[in-house]
Amino acid sequence: PEDVTSTLKSSENSSFILSRTKLMKDIHVKVGSKTFHNCNIYAADPSITKIFSFDVLSGSLYDFQKARKVVLSSTAAKKYFSTDDALGKELKLYTIKDTLTFSVAAVVRDYPDNSHESFDTFIGFSEADIRSLHFEPDFAAIYGKTSDGDYTKLENSLSTISDAEQMSYSAQPISEIYFG
């Protein structure tokens, strides 16, 4: 929820980087005359590029900060465009009757097969775009990273939120979530 995200963003831990990440399932992708059904698309804040390592094959992760940009894995680029040379090409995402057009900002090397998440396609976390695709942006996963490895202040913030929300929040090291 937004209040949890806001609390974490304003955490006293200045070394903490935060990214909301929303998995949207069953989105249709249209490229030219080809349509790909039931695709999984992730919406993420641009700070996701500072949390996870991305090996850029073409393009720029900096451009992902701009509106209606998409980052594709090499496999996703080949799937949609028959090549991983997809920089600047457009794809349309749609559900029901709403269609949004995105252009490719970057193509990155695939994550390992044994990864916890299958990050093939990222769009920027825009509440308006997420709602247009008929998803609720207020409920998303939050990935974070501390540059100093000290989770004490973060854990204190999470325990305060947990008490107020009657929910349980905790930090989990990346090494425990199988990113290969």
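These numbers come from a predicted model, not from an experiment.

Trainee: Before we go on, may I ask you to explain the overall build of the chain in this structure?
Mentor: Helices and strands together make up the secondary structure of the chain, namely five helices and eight strands. For the chain, the α and β elements follow one another from N to C terminus as α-β-β-α-β-β-α-β-β-β-α-β-α. The proportion of buried residues among the 180 residues of the chain is 42%. Of all intrachain contacts in the chain linking residues separated by at least 6 positions in sequence, the fraction that spans at least 24 positions is 69%. Carbon and sulfur atoms form 47% of the exposed surface of the chain, whose accessible area is close to 9,600 Å².

Trainee: What is the right way to look at the packing of aromatic side chains in this model?
Mentor: What characterises a pair of aromatic rings is the spacing of the ring centres plus the angle enclosed by the ring planes. Overall, the coordinates contain ten aromatic pairs when judged by the stated rule. Taken together, a centroid distance of 4.9 Å and an interplanar angle of 80° make the contact between Tyr 42 and Phe 119 edge-to-face. Of the two residues, Tyr 42 is situated in strand E2 (residues 34-44) and Phe 119 in the loop between strand E6 (98-108) and strand E7 (121-124); the sequence distance between them amounts to 77 residues. Accessibility expressed as a relative area gives 4% for Phe 119, which makes it buried. Centre to centre, the rings of Phe 52 and Tyr 143 are 5.1 Å apart; their planes meet at 75°, and the pair counts as edge-to-face. Linking Phe 52 in the loop between helix H2 (48-51) and strand E3 (56-59) with Tyr 143 in strand E8 (residues 141-146), this pair joins segments that are 91 residues apart in sequence. Residue Phe 52 is classed as buried on the basis of its relative accessible area of 6%. With a relative accessible area of 11%, Tyr 143 lands in the buried category. Here the aromatic cluster, defined as three or more aromatic residues joined through ring pairs, consists of Tyr 42, Phe 52, Phe 54, Tyr 111, Phe 119, Phe 122 and Tyr 143. Positioned over the ring face of Phe 102 is Arg 68, at 5.9 Å from the centre of the ring.

Trainee: Would you explain the pattern of salt bridges in this entry?
Mentor: Side chains carrying opposite charge are able to pair once their charged atoms draw close together. Throughout the structure, instances matching the rule amount to eight salt bridges. A salt bridge links Asp 55 to Arg 109; the nearest nitrogen and oxygen atoms lie 2.6 Å apart. One end of the pair, Asp 55, is in the loop between H2 and E3; the other, Arg 109, is in the loop between E6 and E7, and 54 residues separate them in sequence. By relative accessible area, Arg 109 is classed as partly exposed at 47%. Residues Arg 131 and Asp 138 are paired through a salt bridge, measuring 3.9 Å at the closest nitrogen-oxygen approach. When salt bridges with common partners are traced through the structure, they connect Arg 20, Asp 45, Glu 127, Arg 131, Glu 136 and Asp 138 into a single cluster.

Trainee: In this structure, what is going on with the nonpolar core? I would like to understand it.
Mentor: Nonpolar side chains in soluble globular proteins generally cluster together in the buried interior. Ranked by internal contacts, the top residues of the largest apolar core, which has 25 residues, are Val 29, Ile 41, Leu 72, Tyr 80, Leu 91, Leu 93 and Ile 123. In this view, Leu 91 contacts Val 29, Lys 30, Val 31, Val 70, Leu 72, Tyr 80, Phe 81, Leu 100, Thr 101 and Phe 102; residues no more than four positions away in its chain are not counted. Within the second largest apolar cluster, 15 residues are counted, among which are Phe 54, Ala 106, Phe 119 and Tyr 143.

Trainee: What is the right way to look at the pairing of E2 in this model?
Mentor: It is a general feature of regular strands that their side chains alternate between the two faces of the sheet. Relative to E2, strand E1 (residues 16-31) is paired through eight bridges, and the arrangement is antiparallel. Note that in E2 the partner of Leu 23 across the bridge is Tyr 42. Taking the residues between adjacent antiparallel strands as the criterion, E1 and E2 are bridged by two residues, where Gly 32 takes a positive phi near 60°. Judged from the three bridges that link them, E2 and E7 form a sheet pairing that is parallel. Following the sheet pairing, Ala 43 is matched in E7 by Ile 123.

Scoring rules and cut-offs
- Residues numbered from 1 in each chain as written.
- Predicted model: local features only at pLDDT ≥ 70, side-chain atom pairs only at ≥ 80, totals over all residues.
- Heavy atoms only, no water.
- Helix = DSSP H or I, 4+ residues; strand = E, 2+ residues; numbered from the N terminus.
- Buried < 20%, exposed > 50% of the residue type's maximum accessible area, 1.4 Å probe, protein only.
- Contact = heavy atoms within 4.5 Å.
- Areas by Shrake-Rupley, 256 points an atom, 1.4 Å probe, with all protein chains shown as cover.
- Phe/Tyr/Trp six-rings, centres within 6.5 Å; stacked < 30°, edge-to-face > 60°.
- Lys NZ or Arg CZ within 6 Å of the ring centre and 35° of its normal.
- Salt bridge = Lys/Arg side-chain N within 4 Å of Asp/Glu carboxyl O.
- Core = buried A, V, L, I, M, F, W, Y, C linked by side-chain atoms within 4.5 Å.
- Pairing = 2+ DSSP bridges.

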